[in-house]
Amino acid sequence: AAAAGTITMDDLTNTLQTDISYKKEWQDSEGNVITEDYLGYELKVDFQIQVAEVTDNDGTEEISNWKNAGEYFESALSEDDYTAIFGGDGSDEYDFTASIQGSIDSGAWSNGGSFTGLPLVIQKKDGGQVNLRYRVVETKIIYGITGDNVNTAPSVTVTVLDSDDNTTYTYQFDSVAMFKP
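Residues numbered from 1 in each chain as written. Predicted model: local features only at pLDDT ≥ 70, side-chain atom pairs only at ≥ 80, totals over all residues. Heavy atoms only, no water.

J.: Please explain a negative patch on the surface as it appears in this structure.
T.: Residues E36, D37, E42 and D105 make up a contiguous surface patch of negative charge. When you line up the elements, E42 lands in strand β2 (residues 42-57). (Patch = residues over 30% accessible without salt bridge, like charges linked within 9 Å, V, L, I, M, F, W, Y side chains within 5 Å. Areas by Shrake-Rupley, 256 points an atom, 1.4 Å probe, with all protein chains shown as cover. Salt bridge = Lys/Arg side-chain N within 4 Å of Asp/Glu carboxyl O. Lys, Arg positive; Asp, Glu negative; His and termini not counted. Charge placed at Lys NZ, Arg CZ, Asp CG, Glu CD. Helix = DSSP H or I, 4+ residues; strand = E, 2+ residues; numbered from the N terminus.)

J.: Can you walk me through the packing of aromatic side chains in this structure?
T.: Here a ring pair, both rings aromatic, is described through the centre-centre distance and the interplanar angle of the planes. Per the stated rule, a full pass over the model turns up 12 aromatic pairs. Ring centres of Y22 and F115 lie 5.4 Å apart, and the angle between their planes is 40°; on these two criteria the pair is classed as tilted. In this pair, Y22 is assigned in strand β1 (residues 17-22) and F115 in strand β6 (residues 113-119), connecting sequence segments 93 residues apart. For the pair formed by Y22 and F115, the shared burial category is buried. Pairwise contacts between aromatic rings join Y72, F73, Y82, F86, Y94 and F96 into one cluster. (Phe/Tyr/Trp six-rings, centres within 6.5 Å; stacked < 30°, edge-to-face > 60°. Buried < 20%, exposed > 50% of the residue type's maximum accessible area, 1.4 Å probe, protein only.)

J.: Could you clarify how one ought to interpret the nonpolar core in this entry?
T.: If you look at soluble globular proteins, the nonpolar side chains tend to sit buried side by side. In terms of nonpolar packing, the biggest core is built from 39 residues, with W26, L43, I49, F73 and I141 touching the most fellow members. Ranked by the residues each element gives to this core, the list is headed by strand β8 (residues 129-145), at seven residues. Filtering out sequence-adjacent residues up to four positions away, I141 remains in contact with W26, L43, K44, V45, P154, S155, V156, V158, F173 and F179. (Core = buried A, V, L, I, M, F, W, Y, C linked by side-chain atoms within 4.5 Å. Contact = heavy atoms within 4.5 Å.)

J.: Any chance you could explain the environment of G112 here in plain terms?
T.: Relative to the helices and strands, G112 is located in the loop between α3 (107-111) and β6. Judged by relative accessible area, which is 27%, G112 ranks as partly exposed. Sequence separation between G112 and S155 is 43 residues, and the spatial gap between their C-alpha atoms is 20 Å. Contact partners of G112, with chain neighbours within four places excluded, come to Y22, K23 and I100.

J.: How do you make sense of the side chain of K124 when you look at a structure like this?
T.: With respect to the helices, strands and loops of the structure, K124 is situated in the loop between β7 (121-123) and β8. A polar side-chain atom of K124 sits 2.8 Å from a polar atom in the side chain of E53. Ignoring anything within four residues of it in the chain, the contact list for K124 reads E53, Y72, A76 and V130. (Polar contact = N/O pair within 3.5 Å; in protein donor to acceptor, adjacent residues only side chain to side chain.)

J.: Even after reading the chapter, I still don't get unusual backbone geometry, so can you show me in this structure?
T.: Negative phi values dominate among residues other than glycine, just as trans dominates among peptide bonds. Of note, D58 is a non-glycine position whose phi angle comes to about 55°, a positive value. Within the secondary structure layout, D58 lies in the loop between β2 and β3 (60-63). Located in the positive-phi region is N166, a residue other than glycine, with phi close to 65°. Note that N166 resides in the loop between β9 (155-162) and β10 (169-173).

Right, dumping it as structure tokens:
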């Protein structure tokens, strides 16, 4: 038995890294989750991890403009730091993009995926230390996929529109009425 006032617990690990998950829920025009494949073909959604710097301004959190994570880290980190965190050139380099593909009722959408091992704080190459925040956004929807036509199937470009304070965002889709934000 443990002595009075003694707590026994599993190992505690502190980290300055985080994982960010993503998934996709398809809904009809009334906001109901779609549970059957009425399209008869597959869709593919491309995702991008984005990062913003977070600062404390007299107790109020301020979020900088969001940037694609790969581009941000390449410009903010020294080459050695980038390689140490995200790997070097070639197959071991970190991929800041991901995709999900399947029929509209596929479990792949709810299973999603995640970007792992992302730093919460970095020392920028200019010497400043910054806290970071992440989000995953959609960048493209490809639809009408049958067989191996994923590279020629029609697609919709997704534009992210940030709020003035960068705390929320909405999507804007180009030209296809089938998809709405």
